[in-house]
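Per-entry structural report
Spelled out, the chains give:
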Amino acid sequence: MPKLPLSKSIALRTLILNEVSRLLGNGCACIPELPDAEDIEGLQRGLEAFRRMTEGASGSHCVHIGEGGAPLRFFTALAASTPGVDITVSAGKSLRRRPLALLLDALRGAGADIRCLRREGYPPLRIIGTTPDPGPISINPGVSSQFVSALMMVAPLWADGLRLGFEGSPAVSAPYLHMTGEVMRAFGGTMRMANDGITVEGGKCHAPARFEIESDWSAASYLYEIALLLPGREIHIDRLTPPQDSLQGDARCAGIFHIAGVDTEWHPDGSATLRCDASVRDSAASSQAPLELDMGGTPDLVPALAVGFCLAGIRFRLTGVSHLRYKESDRLQSLACELEKIGFMADAGTDTLSWTGRRCPTGENETIDTWRDHRIAMAFAPAAIRLPYVAVDDTRVTAKSWPAYWETLEGLGFRLRRFGHGASITFSKK
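Thresholds applied
Residues numbered from 1 in each chain as written. Predicted model: local features only at pLDDT ≥ 70, side-chain atom pairs only at ≥ 80, totals over all residues. Heavy atoms only, no water. Helix = DSSP H or I, 4+ residues; strand = E, 2+ residues; numbered from the N terminus. Rg over C-alpha atoms; globule rule 2.2 N^0.38 Å. Buried < 20%, exposed > 50% of the residue type's maximum accessible area, 1.4 Å probe, protein only. Contact = heavy atoms within 4.5 Å. Areas by Shrake-Rupley, 256 points an atom, 1.4 Å probe, with all protein chains shown as cover. Lys, Arg positive; Asp, Glu negative; His and termini not counted. Charge placed at Lys NZ, Arg CZ, Asp CG, Glu CD. Polar contact = N/O pair within 3.5 Å; in protein donor to acceptor, adjacent residues only side chain to side chain. Phe/Tyr/Trp six-rings, centres within 6.5 Å; stacked < 30°, edge-to-face > 60°. Pairing = 2+ DSSP bridges. Axes fitted to C-alpha atoms, helices over the stretch in contact; angles between N-to-C directions. Core = buried A, V, L, I, M, F, W, Y, C linked by side-chain atoms within 4.5 Å.

Right, let's talk about the overall build of the chain for a bit. Check the secondary structure of the chain and you find 13 helices and 19 strands. The C-alpha radius of gyration computed for the chain amounts to 22 Å, which stays within 12% of the reference 22 Å derived for 430 residues, consistent with globular compactness. The burial tally for the chain puts 58% of its 430 residues in the buried class. In the chain, the proportion of contacts linking residues at least 24 apart, taken out of those at least 6 apart, comes to 74%. A total accessible area of about 16,500 Å² is found for the chain, and carbon and sulfur atoms account for 48% of it. Positive and negative side-chain charges in the chain, numbering 45 and 49 respectively, have mean positions lying 3 Å apart.

Mapped onto the elements of the fold, His374 is located in helix H12 (residues 374–380). A polar contact of 3.4 Å, which involves the side chain of His374, links it to the side chain of Glu328. For His374, the residues in contact, after removing those within four places along its chain, are Lys8, Glu328, Arg331, Val397, Thr398, Lys400 and Ser401.

In this section: the packing of aromatic side chains. This structure, assessed with the given rule, holds 12 aromatic pairs. Ring geometry for Phe257 versus Phe309: centroids 6.1 Å apart, planes at 65°, classification edge-to-face. Note that Phe257 is positioned in helix H8 (residues 253–259) and Phe309 in helix H10 (residues 302–312), a separation of 52 residues in sequence. Comparing Phe257 with Phe309 shows no difference in burial state: the two are buried. Both rings, one in Trp402 and one in Tyr405, keep their centres 5.2 Å apart while their planes meet at 65°; by these two values the pair is edge-to-face.

Pairing is mixed across the open sheet formed by 4 strands, whose spatial order is E16-E17-E19-E18. With partners counted over all chains shown, the strands left at the sheet margins are strand E16 (367–368) and strand E18 (414–419), one partner each. In the sheet, strand E17 (residues 390–392) pairs with strand E19 (residues 422–427) via 3 bridges, with the strands oriented antiparallel. Note on E19: the bridge partner recorded for Ala391 is Ser424.

It is worth spelling out the sheet that holds strand E1 (residues 61–64) at this point. Sheet architecture is open: 4 strands sit in the order E1-E2-E4-E3, paired in mixed fashion. Either end of the sheet is taken by a strand with one partner, and the two such strands are E1 and strand E3 (113–116). Sheet twist, expressed as the average angle between the axes of neighbouring strands with direction ignored, equals 20°. The pairing of E1 with strand E2 (residues 86–90) spans 4 bridges and is parallel. Within E2, the residue paired with Val63 across the bridge is Val89. On top of the sheet, helix H3 (residues 69–80) reaches E1, E2, E3 and strand E4 (125–128); it is set at about 35° to E4, its chief contact.

What follows concerns the nonpolar core. If you look at the biggest cluster of nonpolar residues, it comprises 75 residues, and the most contacted ones within it are Tyr224, Ile226, Met295, Phe309, Trp406 and Phe414. Take this core: its biggest share by element is 10 residues, from helix H7 (residues 217–229). Not counting residues within four places of it along the chain, the set of residues in contact with Trp406 comprises Ala377, Ala381, Val392, Thr395, Thr398, Leu416, Arg418 and Ile425. Ala80, Leu100, Leu164 and Tyr176 belong to the second largest nonpolar core, which has 71 residues in total.

Turning to its location among the elements, Met193 is positioned in strand E7 (residues 191–194). Using a relative accessible area of 24% as the deciding quantity, one classes Met193 as partly exposed. When the C-alpha atoms of Met193 and Leu157 are compared, they prove to be 18 Å apart, with 36 residues separating the residues in sequence. With residues near it in sequence (within four places) discarded, Met193 still touches Met152, Leu177, His178, Gly181, Arg185 and Ile198.

From the geometry alone we can't say anything about function, so treat these as descriptive.
This is the structure we're talking about:
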């Protein structure tokens with residue numbers, strides 16, 4: 001029975017809020033289990049150095065945060081809001097190209113001392129901790145919800161809290177802001193969230209005795225993709241929180257795949273069973289009208305949906321996805337390029353990704369370029385169900401969020417033949 005990784009989005013927020021609670025003298029929550037993921041390891045490296053400094057270690061420290069955008073953004077806000085901290089934070093190659101300037105500007109506007117050591121707006125950074133004491137500050141929430149979440153979580157350390165106004169584009173990935181708010185409330189935080197901004201009360205963060213982390217709904221999307229391509233076969237998942245009880249916006253995954261024919265059966269022991277009804281799926285595929293979905297709040301579902309729907313013959317138009325260009329790869333470009341390799345002509349627009357049913361010839365011996373992006377690798381591997389094989393250039397990238405992904409596939413009947421860092425993947429329905 002496949003076991004999903006735990007939600008790294010929830011875990012990252014819990015780790016930051018545990019530190020905020022500790023700094024306020026309110027202890028730390030017991031976390032029974034953390035995700036096995038590179039993003040978690042990167043943040044933990046930063047927090048180990050951070051604790052040494054807050055417990056009296058002198059001098060400047062250095063830490064390599066890895067490739068995780070959320071760990072870098074959350075840790076930067078925490079370190080900048082803590083007097084006595086002097087730390088240089090470096091990051092992986094792809095993360096050094098991802099946007100950070102809006103968060104740095106907001107923190108500097110609150111009085112933070114953050115210095116970009118190579119190029120303004122990008123890591124590596126030298127952070128000298130202070131006690132921010134801002135008046136109202138503003139940020140454009142249309143690039144990354146992580147900027148807003150970072151400010152929200154450290155605001156209890158600020159004497160007067162946070163009065164953050166939104167300007168420019170509407171907030172992207174709004175469910176992640178609500179996740180941040182719910183985890184903060186579990187830690188005793190007090191806030192007001194509205195469409196035009198967020199207010200957080202200073203001094204309010206008190207860790208609960210225990211905090212358990214849900215399984216990751218973003219990871220579940222790849223098992224739903226597999227179920228979509230294997231009608232009639234049951235896929236059992238060890239533990240999955242029902243959408244109505246989940247903190248994760250990506251729990252929307254169950255409802256979207258239900259439209260395409262994948263039903264979810266929930267069991268009393270917390271497990272779930274996925275099963276695709278071929279007649280429903282084929283009906284969706286026979287429609288000439290594309291399935292239109294606004295993915296602005298749940299962008300991490302897009303890779304599994306785009307690849308799965310193409311392979312199932314379901315036309316689609318996904319909107320609200322412009323911010324996918326700022327992920328581990330430009331996911332609109334990477335999805336369109338790799339879909340063409342397996343025979344599908346998808347169109348990547350400014351804020352859309354669509355497939356109208358156009359097909360194209362496939363080349364011989366094509367290899368899927370993962371673009372150093374874990375979600376591209378995980379979304380394309382199930383294509384082996386429909387193709388003679390799928391080759392991916394680098395299997396290591398899934399360690400960012402799901403190190404056991406390939407072993408999970410093998411448990412479902414996929415076979416991997418390794419070459420260098422990549423693998424050739426086949427699947428037998430027998």
